[in-house]
Amino acid sequence: MKIQPILVAEDIGKIYRTNQGEVLALESVSLQVGVGEFLCVVGPSGCGKTTLLRILGGLLAPTRGAVYLNGKPLDSPRRQIGFVFQKANLMPWRTVLRNVTLPLEVQGIGRAEAHALAQDLLDLVGLSGFEKVYPHELSIGMQQRVAIARALIHDPAILLLDEPFGALDALTRERMNLELLRIWEARRKTVVMVTHSIQEAVFLADRVLVMSPRPGRIEAAVSVSLPRPRQLAMLYSQEFGSLSQQIRQVIYHCERVRA
């Protein structure tokens, strides 16, 4: 059955102008993201993954090409899209609860309604009881949970994640992957996640897009047929190893061609 696309990018190119001249970051990138799909994007450092994600979120204009959200051109941030950056970027002077409610306060939503919505999300991300705690009192992983709750406060259709667990140790990262899957399965948002970890991408995604070295292009789209719900034991399965190796081979091949 064909998946209905919610987010479409057509022939995206991006050029940065620097003191040393023009840098071609992305070239001829086209992709579709289905409703409810969990899509991961991997590739070597500097290949334009974050640039692509920012373009998909309307935070950055492409030099050429276009992005469509539900069939309509996307050229600015929209409430239908939530964004979680590499760093949580929480307001240090606001409590956990008031960090989550901040976007609603900006819109003028009443305090009682905003607090009720935020409380539901804090329960969802496993932070019930931490409402009055300040960011510096939380671990990095807990800070990212707050950031995820804040990104979901508008009930967006799409969640864009830019290497959200990159600063975590391996064991904490595994736990956060499980938490992210639990949240995704509870809300079934469409997710596009950038990661440097092939293992993380295979564990989380329905499909993995593999990008080339700069200028970034989509070199392969690898479907992940591992059953859901995912379990950490799958990391040691033959199928998991085969999928990971397939992605590595694409990346290695691209790097050898460019060398």
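Structural data are supplied above this passage.
Residues numbered from 1 in each chain as written. Predicted model: local features only at pLDDT ≥ 70, side-chain atom pairs only at ≥ 80, totals over all residues. Heavy atoms only, no water.

What is the right way to look at the pairing of strand β4 (residues 64-69) in this model?
Here is the key point about a regular strand: its side chains alternate between the two faces of the sheet. Inspection of the sheet shows strand β1 (residues 5-18) paired to β4 by 5 bridges, in the antiparallel sense. In the sheet register, Glu10 faces β4, and the bridge partner there is Ala66. Taken together, the 2 bridges between β4 and strand β5 (residues 72-73) define a ladder with antiparallel strand orientation. Paired with Tyr68 across the strands is Pro73, a residue of β5. (Pairing = 2+ DSSP bridges. Helix = DSSP H or I, 4+ residues; strand = E, 2+ residues; numbered from the N terminus.)

What exactly am I supposed to notice about the nonpolar core here?
Grouped together as the largest cluster of nonpolar side chains are 56 residues, with contacts concentrated most on Phe38, Met193 and Ile247. Once residues lying within four places of it in the same chain are set aside, the contact partners of Met193 are Phe38, Leu39, Cys40, Val41, Leu161, Pro164, Phe165, Leu180, Glu200 and Leu204. With 26 residues, the next largest nonpolar core counts Val29, Leu31, Ile81 and Val192 among its residues. (Core = buried A, V, L, I, M, F, W, Y, C linked by side-chain atoms within 4.5 Å. Buried < 20%, exposed > 50% of the residue type's maximum accessible area, 1.4 Å probe, protein only. Contact = heavy atoms within 4.5 Å.)

How do you make sense of the pairing of strand β6 (residues 81-84) when you look at a structure like this?
Residues Ile81 and Phe83 line one face of β6 and the alternating positions Gly82 and Val84 line the opposite face, and both faces are buried. Looking at chain direction, β6 and strand β7 (residues 158-162) are connected through 4 bridges and run parallel. If you follow Phe83 over to β7, its bridge partner there is Leu160.

Looking at this structure, I do not really get the pattern of salt bridges. What am I missing?
Oppositely charged side chains can pair when the atoms bearing their charge come close. What the rule picks out here adds up to 13 salt bridges. Measuring nitrogen to oxygen at the nearest pair gives 2.7 Å for the salt bridge that ties Glu37 to Arg207. Of this pair, Glu37 sits in the loop between β2 (21-34) and β3 (38-42) while Arg207 sits in strand β9 (residues 207-211), and the two are 170 residues apart along the sequence. According to the relative accessible area criterion, Glu37 is buried, its value standing at 7%. Two residues, Lys189 and Asp155, come together in a salt bridge whose shortest N-O distance is 2.3 Å. Placement of Lys189 in the loop between α5 (170-187) and β8 (190-194) and of Asp155 in the loop between α4 (140-152) and β7 is noted, with a sequence separation of 34 residues between them. Residue class for Lys189 comes out buried when judged on its relative accessible area of 11%. Taking relative accessible area as the criterion, Asp155 reaches 52% and is therefore assigned exposed. What emerges from the salt-bridge pattern is a single network uniting Arg94, Arg98 and Glu105. (Salt bridge = Lys/Arg side-chain N within 4 Å of Asp/Glu carboxyl O.)

Even after reading the chapter, I still don't get the side chain of Glu163, so can you show me in this structure?
Here Glu163 is to be found in the loop between β7 and α5. Only 3.0 Å separates the side chain of Glu163 from the side chain of Arg173, close enough to count as a polar contact. Here Glu163 is in contact with Gln86, Arg173, Val194, Thr195 and His196, once residues within four sequence places are set aside. (Polar contact = N/O pair within 3.5 Å; in protein donor to acceptor, adjacent residues only side chain to side chain.)

Looking at this model, I keep getting lost on unusual backbone geometry. Mind explaining?
At the junction of Arg214 and Pro215, the peptide bond is cis and its omega measures out at 0° in the coordinates. Following the sequence through the fold, Pro215 ends up in the loop between β9 and β10 (218-223). Notably, Ser28 is not glycine yet its phi reads approximately 55°, a positive angle. The residue Ser28 is located in strand β2 in this model. The phi angle at Asn89 is positive, at roughly 55°, despite the residue not being glycine. With respect to the helices and strands, the residue Asn89 is situated in the loop between β6 and α2 (96-107). Owing to a relative accessible area of 47%, Asn89 belongs among the partly exposed residues under this scheme.

Would you take a moment to explain the packing of aromatic side chains for this structure?
Each aromatic ring pair is described using two quantities: the centre-to-centre distance and the angle formed by the ring planes. Within this structure, the stated rule accounts for 2 aromatic pairs. For the ring pair Phe38 and Trp184, a centre distance of 5.7 Å and an interplane angle of 70° mean the geometry is edge-to-face. Of the two residues, Phe38 sits in strand β3 while Trp184 sits in helix α5, which places them 146 residues apart along the sequence. When the centroid spacing of 4.5 Å and the interplanar angle of 20° are considered together, the rings of Phe83 and Phe85 count as stacked. What makes Phe83 buried here is its relative accessible area of 16%. (Phe/Tyr/Trp six-rings, centres within 6.5 Å; stacked < 30°, edge-to-face > 60°.)

Explain the environment of Cys47 here, please?
Inspection of the secondary structure puts Cys47 in the loop between β3 and α1 (49-56). Judged by its relative accessible area of 1%, Cys47 falls in the buried class. Along the backbone, Cys47 and Met211 are 164 residues apart, and their C-alpha atoms lie at a distance of 6.8 Å. Every residue in contact with Cys47, bar those within four places of it in the chain, is listed here: Ala25, Leu26, Met211, Ser212, Pro213, Arg214 and Gly216.

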